[in-house]
Amino acid sequence: SAVISQKPSRDICQRGTSLTIQCQVDSQVTMMFWYRQQPGQSLTLIATANQGSEATYESGFVIDKFPISRPNLTFSTLTVSNMSPEDSSIYLCSVGESREKLFFGSGTQLSVL
Amino acid sequence: SQQGEEDPQALSIQEGENATMNCSYKTSINNLQWYRQNSGRGLVHLILIRSNEREKHSGRLRVTLDTSKKSSSLLITASRAADTASYFCATAGTGGGNKLTFGTGTQLKVEL
């Protein structure tokens, strides 16, 4: 199993600013995933962060808007850049060494005014 | 997209009753999983069923899978107030990679 610490747990931000979300795992993992969950909606994968290479972004998400860092096998950050109210969501990091079980952080609830 | 549809969107039952929620998906899968989310926080893995399995049990949970209908159901027996949460199905496609695609979710409320 994996224990994931994600912070901040929530934030209220002004339009046009950026927020960096941190995700720390208690063990080394190859792949980390960043999801977005808009209010009342399901989870949508933003990107897969691999250590030592650029993140792989899903359709509809771009690096300029959601830059990701993955400096080592236990840590990753997701930045939400130039925020607008449409970016208000829960952002979740998760890890999983296979497609049989994902472990999730507790999420970051972001509100953009 | 392969996003699953779940129904009902919301379900309210009394403690002790059984809760059944359904998930439909669009393309071939390797496995299907169910997750629980409390109050918009992180998700917790509940149970996995592989494409060659039809039914699986874990405690008060029973999952069925019908690949011909591309559907799955999650049954929670003898529900408790602590079961109040959102439940999501997630599918792993046959195309490889570690990506899961999540369904739309069912909000379950168990009342005392």
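Note that the coordinates shown come from a computational prediction; the quantities given were computed from them, not determined experimentally.

*Asks:* Any chance you could explain the sheet that holds strand 1 (residues 5-7) of chain B here in plain terms?
*Replies:* Remark on secondary structure: sheet strands pair via backbone hydrogen bonds, oriented parallel or antiparallel. All names here are of chain B. The five strands lie next to each other as 1-3-8-7-6, forming an open sheet whose pairing is antiparallel. Edge strands, defined here as strands with exactly one partner in the open sheet, are strand 1 and strand 6 (55-58). Going across the sheet, the axis of each strand differs from the next one's by a mean of 15°, ignoring polarity. Of the strand pairs in this sheet, strand 7 (residues 61-66) and strand 8 (residues 71-76) are connected by six bridges, and their pairing is antiparallel. Residue pairing across strands places Val63 opposite Leu74, the latter belonging to strand 8.

*Asks:* Would you explain the interface of chain A and chain B in this entry?
*Replies:* It is common to give the size of an interface as the accessible area lost on bringing the parts into contact. On the chain B side, the residues contacting the 25 residues of chain A number 25 residues. Where chain A abuts chain B, roughly 1900 Å² becomes buried across the two surfaces, and 48% of that area is made up of carbon and sulfur atoms. Broken down residue by residue, the surface that chain A buries against chain B is led by Ser42, Arg99 and Glu100 of chain A, which jointly contribute 38%. Counting the contacts that link chain A with chain B gives two salt bridges. In this structure, the salt-bridge partner of Arg50 of chain B is Glu100 of chain A, at a minimum N-O distance of 2.4 Å. Contributions of two or more residues to the side of chain A that touches chain B are made by strand 4 (31-37), strand 5 (43-50) and strand 9 (89-95) of chain A. No other element matches the four residues that strand 4 of chain A contributes to the side of chain A that touches chain B. Looking at the side of chain A that touches chain B, its residues break down into nine nonpolar, 10 polar and six charged.

*Asks:* Help me understand the packing of aromatic side chains in this model?
*Replies:* Given two aromatic rings, one states the distance between the centres and the angle between the planes to describe the pair. One pass over the structure, following the stated rule, counts seven aromatic pairs over all chains. Summarising the aromatic geometry, the rings of Phe61 of chain A and Phe66 of chain A are spaced 5.6 Å apart at their centres and angled 65° between planes, so their arrangement reads as edge-to-face. Like Phe61 of chain A, the residue Phe66 of chain A is buried in the burial classification. Their ring planes at 55° and their centres at 5.5 Å tell us that Tyr35 of chain B and Phe102 of chain B sit as a pair that is tilted. With Tyr35 of chain B in strand 4 (residues 29-37) and Phe102 of chain B in strand 10 (residues 101-102), the pair connects residues that are 67 residues apart, well separated along the chain. Each of the two residues, Tyr35 of chain B as well as Phe102 of chain B, counts as buried. Three or more aromatic residues joined by ring pairs make a cluster, and in this case those are Tyr35 and Phe104 of chain A together with Tyr35 and Phe102 of chain B.

Rules used in this analysis
Residues numbered from 1 in each chain as written. Chains lettered and ligands numbered in written order. Predicted model: local features only at pLDDT ≥ 70, side-chain atom pairs only at ≥ 80, totals over all residues. Heavy atoms only, no water. Pairing = 2+ DSSP bridges. Helix = DSSP H or I, 4+ residues; strand = E, 2+ residues; numbered from the N terminus. Axes fitted to C-alpha atoms, helices over the stretch in contact; angles between N-to-C directions. Contact = heavy atoms within 4.5 Å. Buried area = accessible area lost by both parts, 1.4 Å probe. Salt bridge = Lys/Arg side-chain N within 4 Å of Asp/Glu carboxyl O. Nonpolar A, V, L, I, M, F, W, Y, C, P; charged D, E, K, R; others polar. Phe/Tyr/Trp six-rings, centres within 6.5 Å; stacked < 30°, edge-to-face > 60°. Buried < 20%, exposed > 50% of the residue type's maximum accessible area, 1.4 Å probe, protein only.

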